[in-house]
Amino acid sequence: MATDKMKDLNLKETITRTELAEVEGVPLTKPLTITWDQVKKFKARPDDVLIATYAKAGTTWTQEIVDMIQQNGDTEKCRRETTYKRHPFLEWFFPEPPSLRVELANAMPSPRTLKTHLPVQLLPPSFWEQNCKSTAVMATVFQKQLRNSQALVMGESLVPHALRTLRAFLAAADVTSFSVLWGSWHDHVKGWWKAKDKHRILYLFYEDMKQNPKQEIQKIAKFLEKDLSQEVLNKIAHNTSFEVMKENPMANYTKDFQGIMDHSISPFMRKGAVADWKNYFTVAQNEKFDEDYKKKMSDTSLVFRMEL
């Protein structure tokens, strides 16, 4: 497996980044493309719940909310295992040692809650055939591109490389040729937005979740056909707040990938803020990004807020 040493980030030379390869035009990790057939043939069940997001869009937050709703706010039950193991990451694969999350999902009893970053066109067909419920969470393009890049492959500091990738994007003469893991953010959010008209999909916005978490928790509970008392709702809102989750080892990834993910460089749970792009974009960069965003989002009714 070809790798790229991350010496420029002053990380240990043993830490490497996996190459990307395409599946139907979408960049994925190269090891995953080798096992792609197993993902594509994954057998969904009618009572599966799928959390579908673009990377770094509030995925873990939504996983914890969904789990707490399913467990009626019981924090002890929600600490039975880490988020990574409670909700199998459908397409993720580590080659050494072999670790295919599809196998974990297959072994799980129903009802299952699963996670994916796949664009809608790559989702295993069985999810549509079984009419499964999907919760799609999306964040603004500014948050997404700022916090996501090829650095999301475990083993790198998320933020420094993401910022360097962002700067490369903004400096590129042709931004349409820029490639990141899981493909275009624009295509991803538009694809899931369109799919919600034909399938059982609850489409959520990160900004709404930040502005009124209790309202969005209730929306998710209703979608999952669960009734929450005010006491349980308050408990879920508190325990899924960014401040509490950042200190929760079952949700903040400090118990998983030890020796691979270096939280001293950048914690997995960073700020949880909206409009953090203002701290990084120059006026010129903002204008360039706006121009590209308007062009690529001109063919959809989907609208995002850039700040609260």
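Residues numbered from 1 in each chain as written. Predicted model: local features only at pLDDT ≥ 70, side-chain atom pairs only at ≥ 80, totals over all residues. Heavy atoms only, no water.

Bringing the packing of helix 3 (residues 59-70) against helix 12 (residues 213-223) into the picture now. Two numbers describe how helix 3 lies on helix 12: the axes approach to 10 Å, and their chain directions differ by 60°. Between helix 3 and helix 12, the angle falls in the class oblique. Read as a crossing pair, helix 3 and helix 12 show a hand that is right-handed. Contact residues: helix 3 offers Ile65, Val66 and Ile69, while helix 12 offers Ile217, Ile220 and Ala221. Each residue belonging to the contact of helix 3 with helix 12 can be placed in one class, and the counts come to six nonpolar, no polar and no charged. (Axes fitted to C-alpha atoms, helices over the stretch in contact; angles between N-to-C directions. Helix = DSSP H or I, 4+ residues; strand = E, 2+ residues; numbered from the N terminus. Parallel < 35°, antiparallel > 145°, perpendicular 65-115°, else oblique. Left-handed = near helix turned anticlockwise from the far one by under 90°. Contact = heavy atoms within 4.5 Å. Nonpolar A, V, L, I, M, F, W, Y, C, P; charged D, E, K, R; others polar.)

Another aspect to go through is helix 15 (residues 283-296). Spanning 14 residues, helix 15 covers 20 Å between terminal C-alpha atoms, matching the ideal 20 Å at 1.5 Å per step. Among the residues of helix 15, those classed as buried are Asn286, Phe289, Asp292 and Tyr293. Along the axis of helix 15, the buried residues cluster in a sector spanning 135°; they form a single face. Within helix 15, the exposed residues directed more than 90 degrees away from the buried face are Val283, Ala284, Glu287, Glu291, Lys294 and Lys295. (Expected span 1.5 Å × (residues − 1). Buried < 20%, exposed > 50% of the residue type's maximum accessible area, 1.4 Å probe, protein only. Arc of directions from axis to C-beta.)

Once that is clear, we can look at the packing of helix 12 against helix 13 (residues 230-239). For any two helices packed against each other, one specifies the crossing angle of their axes together with the interaxial distance. Where helix 12 meets helix 13, the closest approach of the two axes is 10 Å, and the angle between their N-to-C directions is 115°. One element, helix 12, and the other, helix 13, form an angle in the roughly perpendicular class. In terms of crossing hand, the pair formed by helix 12 and helix 13 is right-handed. Contacts from Lys214, Ile217 and Gln218 in helix 12 reach Gln230, Leu233, Asn234, Ile236 and Ala237 in helix 13. Tallied by class, the residues present in the contact of helix 12 with helix 13 amount to four nonpolar, three polar and one charged.

Right, let's get into the confidence of the model for the protein chain. In this model, the protein chain carries an average pLDDT of 77, and 71% of its residues clear a pLDDT of 70 or more. Looking across the protein chain, the model is least confident in strand 1 (residues 3-5), with a mean pLDDT of 29, and most confident in helix 13, with 96. Across residues 1-15, confidence stays below pLDDT 50; counting only partners more than four residues off in sequence or on other chains, it has 29 contacts. The low-confidence segment residues 140-164 (pLDDT under 50) makes 106 contacts with residues lying over four places distant or belonging to another chain. (pLDDT = per-residue confidence, 0-100.)

Let us now look at the nonpolar core. Nonpolar side chains tend to gather and get buried jointly when the protein is soluble and globular. Of all hydrophobic cores here, the largest spans 45 residues; its most connected members are Leu28, Phe127 and Phe304. Excluding residues within four positions of it along the chain, Leu28 makes contact with Glu19, Leu20, Ala21, Val23, Thr33, Trp36, Leu118, Leu122, Leu181 and Trp182. Core analysis: the next-biggest nonpolar cluster, separate from the first, contains 23 residues, Val49, Trp61, Leu202 and Ile220 among them. (Core = buried A, V, L, I, M, F, W, Y, C linked by side-chain atoms within 4.5 Å.)

Scanning the entire structure with this criterion turns up twelve aromatic pairs. With a centroid separation of 5.7 Å and 25° between ring planes, the pair formed by Phe42 and Phe127 is classed as stacked. With Phe42 in the loop between helix 2 (36-40) and strand 5 (49-53) and Phe127 in helix 7 (residues 126-129), this pair connects stretches of sequence that are 85 residues apart. The same class applies to Phe42 as to Phe127, namely buried. Judged by centre distance (6.2 Å) and plane angle (35°), the rings of Trp185 and Tyr293 are tilted. With Trp185 in helix 10 (residues 185-195) and Tyr293 in helix 15, the pair connects residues that are 108 residues apart, well separated along the chain. By the burial criterion, Trp185 is buried, and Tyr293 matches it. An aromatic cluster is built from Trp185, Trp193, Tyr203, Phe205, Tyr293 and Phe304, whose rings are joined through pairwise contacts. Taking the ring centre of Phe223 as reference, the NZ or CZ of Lys133 above it sits at 5.4 Å. Across the ring face of Trp193, the terminal group of Lys196 is positioned such that the distance to the ring centre comes to 4.1 Å. (Phe/Tyr/Trp six-rings, centres within 6.5 Å; stacked < 30°, edge-to-face > 60°. Lys NZ or Arg CZ within 6 Å of the ring centre and 35° of its normal.)

What follows deals with helix 12. Buried within helix 12 are the following residues: Glu216, Ile217, Ile220, Ala221 and Phe223. The buried residues of helix 12 occupy an angular sector of 160° when the element is viewed end-on, so they sit on one face. Among the residues trailing helix 12, Glu225 stands out with phi positive, at a value near 60°.

The next thing to look at is the pairing of strand 8 (residues 113-116). In strand 8, alternate side chains face the same way, and those of Thr113 and Lys115 on one face and Leu114 and Thr116 on the other are all buried. Relative to strand 8, strand 5 runs parallel, the two sharing four bridges. Each residue of the ladder has a partner; that of Ile51, found in strand 8, is Lys115. (Pairing = 2+ DSSP bridges.)

Right, let's get into the side chain of Thr59. Take Thr59: it is sitting in helix 3. Here Thr59 falls in the buried class, since its relative accessible area comes to 6%. If near-sequence neighbours (up to four positions away) are discounted, Thr59 is found in contact with Thr53, Tyr54, Lys115 and His117.

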